[in-house]
Amino acid sequence: MAVSPPRYRSTLAFSFSFLFFLALCTPLTAATGFAGSACLSVSASRFAGSITQVITAIEKLSSILSRFSTRFADFRLATAIADCLDLLDLSSDVLSWALSASQNPKGKHNSTGNLSSDLRTWLSAALAHPQTCMEGFEGTNSIVKSLVSAGIGEVVTLVEQLLAQVVPVHDEFDASKGQFPSWVKPKERKLLQSIGVSPDAVVALDGSGNYTRIMEAVLAAPDYSMKRFVIYIKKGVYVENVEIKKKKWNIMMVGDGMDATFISGNRNVVDGWTTFRSPTFAVSGRGFIARDISFQNTAGPEKHQAVALRSDSDLSVYYRCGIFGYQDSLYTHTMRQFFRECRITGTVDFIFGDATAMFQNCLIQAKKGLPNQKNTITAHGRKDPNEPTGFSFQFCNITADSDLEPLVSTTQTYLGRPWKAYSRTVFMQSFMSEVIRAEGWLEWNGNFALDTLYYGEYLNTGAGAGIANRVKWTGYHALNDSSQVNNFTVTQFIEGNLWLPSTGVTYTAAFTV
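Predicted model, so just to flag it, every value in this text is computed and none were measured. (Residues numbered from 1 in each chain as written. Predicted model: local features only at pLDDT ≥ 70, side-chain atom pairs only at ≥ 80, totals over all residues. Heavy atoms only, no water.)

Asks: Please give an account of the sheet that holds strand β4 (residues 242–244) that cites residues and values.
Replies: As summarised here, the arrangement of the seven strands in space is β4-β7-β10-β13-β16-β19-β22, forming an open sheet in which the pairing is parallel. The sheet is open, and its two borders are formed by β4 and β22 (413–416), each paired with just one other strand. Each neighbouring strand pair of the sheet contributes to a mean axis angle of 10°, computed without reference to strand direction. Pairing between strand β19 (residues 375–380) and β22: three bridges, direction parallel. Considered in β22, the bridge of N375 is made with T413. (Pairing = 2+ DSSP bridges. Helix = DSSP H or I, 4+ residues; strand = E, 2+ residues; numbered from the N terminus. Axes fitted to C-alpha atoms, helices over the stretch in contact; angles between N-to-C directions.)

Below you can see the structure in the form of structure tokens.
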């Protein structure tokens with residue numbers, strides 16, 4: 001394994017967060033009945049006014065919560081309150097992006113260039129954050145939850161109304177011809193295509209780098225950076241909890257391989273952490289890339305929810321990464337995320353959240369959990385039918401980890417279950433071993449969400465891929481035509497052609513046979 005910092009293909013591309021010109025939506029004629037642009041069903045001024053109203057409601061709610069932030073000795077409750085303040089702050093931030101992008105096409109908060117996709121993504125995040133706040137109070141037996149629940153309900157309702165005002169509009173460019181989106185200036189195209197870049201910081205346990213701890217390197221990165229900040233992490237096991245906060249944009253972390261560089265922790269809900277605060281590694285800053293590195297939570301199945309990786313990073317990429325844990329290993333909380341050639345292990349709901357996440361060529365392995373425990377690979381948390389969120393798996397390998405292989409016949413493992421009412425997950429062109437039960441999917445609680453969820457399977461292979469005995473829910477779809485899965489490809493599901501080429505990551509843009 002390399003002992004000196006490698007050179008990489010340039011990944012300065014996420015400076016596009018500032019550099020891309022946002023293509024405004026095409027105006028509609030009066031005959032359409034819409035007063036605004038093609039991606040808004042209301043006037044831009046009314047849309048902006050509604051966003052401002054939500055931000056004001058969040059500020060009032062945060063003011064109430066902040067009064068309780070130091071009043072409780074109970075660690076669990078204090079953590080839940082701190083979570084809420086952070087989550088509401090994140091909601092306020094993404095709403096500000098939406099406000100800026102809808103008013104200023106050249107502003108720094110613009111993203112992919114598809115205003116509709118950006119707005120729907122950000123508003124979905126603004127919807128998820130306050131609901132995660134409320135979930136953190138479960139089991140605290142406090143009056144705080146009741147004091148803030150009305151305010152949370154108001155915020156959720158207002159954001160749902162905003163989401164309903166954004167009309168889906170698809171946009172793309174021809175990546176096969178090596179083109180960049182038209183709003184990338186020629187100067188920036190050369191920058192994005194440059195051959196190599198040295199790391200800005202090196203982390204090494206033996207003292208041979210700039211830092212011995214990863215968080216030290218993260219804190220050294222500039223805030224809201226227009227340039228990629230590359231952190232090279234030498235091989236070793238780094239026992240620390242790392243959090244890349246919202247101001248740290250365009251950070252890239254590169255290790256010596258998923259079997260060589262590990263970030264390890266053991267926070268969990270049994271020991272008093274909220275699920276949101278349990279991750280070994282958490283990232284909120286936009287445009288994050290991780291490559292050749294592993295994130296693990298070693299708490300074990302008896303500690304229940306214990307997250308290895310939580311991502312709220314919009315337009316983030318995880319390439320050749322390991323995500324290892326048991327229950328709730330990977331928390332794809334919000335935003336657009338792409339996972340390529342990763343290995344993900346766990347037991348209960350080990351890929352969960354309300355992100356728009358695409359998984360290609362990933363190895364997904366169920367592990368041995370608690371006695372009589374059922375394994376569920378996914379638990380998607382889409383709460384509103386207007387959200388663009390969901391999980392899409394393509395060319396993946398779903399099987400049992402070595403500890404579960406002898407117990408496959410006696411352990412029930414399913415593709416997923418509906419965490420929220422509009423849970424959405426699709427598996428296509430993937431291999432499923434005998435670890436997957438014939439029914440394929442599991443109920444969350446009785447008939448909850450079985451008519452409103454969307455679960456699909458298309459052209460999968462292997463002993464666990466047979467659809468003859470799959471569940472008969474209204475929301476389950478055995479797909480038989482490529483047109484039915486086009487919406488779940490990289491091109492359309494995460495608007496990948498608008499941002500993935502500039503990262504240098506390998507990907508398959510559309511459906512292939």
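Still more ground to cover, so stick around.
Asks: For the state of the cysteines, give the residues involved together with the corresponding values.
Replies: Evaluated as defined, the whole model comprises one disulfide. Residue C84 pairs covalently with C133 via a disulfide, S to S 1.8 Å. Because the torsion about its S-S bond is 85°, the bridge between C84 and C133 counts as right-handed. Of this pair, C84 sits in helix α3 (residues 75–103) while C133 is found in helix α4 (residues 115–135), placing the two residues 49 residues apart along the sequence. (Disulfide = S-S within 2.5 Å.)

Asks: Before we move on, can you summarise helix α5 (residues 144–164) with the specific residues and values?
Replies: Over its 21 residues, α5 extends 30 Å from the first C-alpha to the last, a length consistent with the 30 Å expected when each residue adds 1.5 Å. The largest bend in α5 amounts to roughly 30° and is located at A150. Every buried residue of α5 is listed here: V144, V148, G151, I152, V155, V156, L158, V159, L162 and L163. The inward-facing, buried residues of α5 contact α2 (44–66), α3 and α4. (Expected span 1.5 Å × (residues − 1). Bend = angle between axes of the 7 residues up to and from the residue. Buried < 20%, exposed > 50% of the residue type's maximum accessible area, 1.4 Å probe, protein only. Contact = heavy atoms within 4.5 Å.)

Asks: Residues and numbers for unusual backbone geometry, please.
Replies: A positive phi angle, close to 50°, is found at Y224, a residue other than glycine. Mapped onto the elements, Y224 comes out in the loop between α7 (214–220) and β2 (229–233). Of note, D349 is a non-glycine position whose phi angle comes to about 50°, a positive value. Tracing the backbone through its elements, the reader meets D349 in strand β16 (residues 348–353).

Asks: An account of the pattern of salt bridges is needed here, citing residue identities and associated values.
Replies: All chains considered together, the criterion is met by 23 salt bridges. We note a salt bridge from D401 to R343, for which the minimum N-O separation is 3.2 Å. Placement of the pair is D401 in the loop between β21 (397–400) and β22 and R343 in strand β15 (residues 343–346), with a sequence separation of 58 residues. (Salt bridge = Lys/Arg side-chain N within 4 Å of Asp/Glu carboxyl O.)

Asks: Describe the sheet that holds strand β18 (residues 363–366), with residues and values.
Replies: Pairing within the open sheet is parallel, and its eight strands lie in the order β3-β6-β9-β12-β15-β18-β21-β24. Each of the sheet's edge strands pairs with one partner strand only, and the pair in question is β3 (236–239) and β24 (431–432). Taken together, the four bridges between β15 and β18 define a ladder with parallel strand orientation. Residue pairing for β18: G346 is matched across the bridge by A366.

Asks: Any chance you could break down the packing of aromatic side chains for me, citing the residues and the numbers?
Replies: According to the stated counting rule, one finds 21 aromatic pairs in the structure shown. Between Y224 and W249 the ring centres are 5.5 Å apart and the planes differ by 80°, which places this aromatic pair in the edge-to-face class. With Y224 in the loop between α7 and β2 and W249 in the loop between β4 and β5 (251–254), the pair connects residues that are 25 residues apart, well separated along the chain. Using a relative accessible area of 1% as the deciding quantity, one classes W249 as buried. Site record: aromatic cluster; members linked through ring pairs are F281, F288, F295, Y318, F339, F359, F391, F393, F427, W441, Y455 and W473. Sitting over the face of the ring of W273, R267 holds its NZ or CZ atom 4.0 Å from the ring centroid. A cation sits over an aromatic face here: R286 above W97, 4.2 Å from the ring centre. (Phe/Tyr/Trp six-rings, centres within 6.5 Å; stacked < 30°, edge-to-face > 60°. Lys NZ or Arg CZ within 6 Å of the ring centre and 35° of its normal.)

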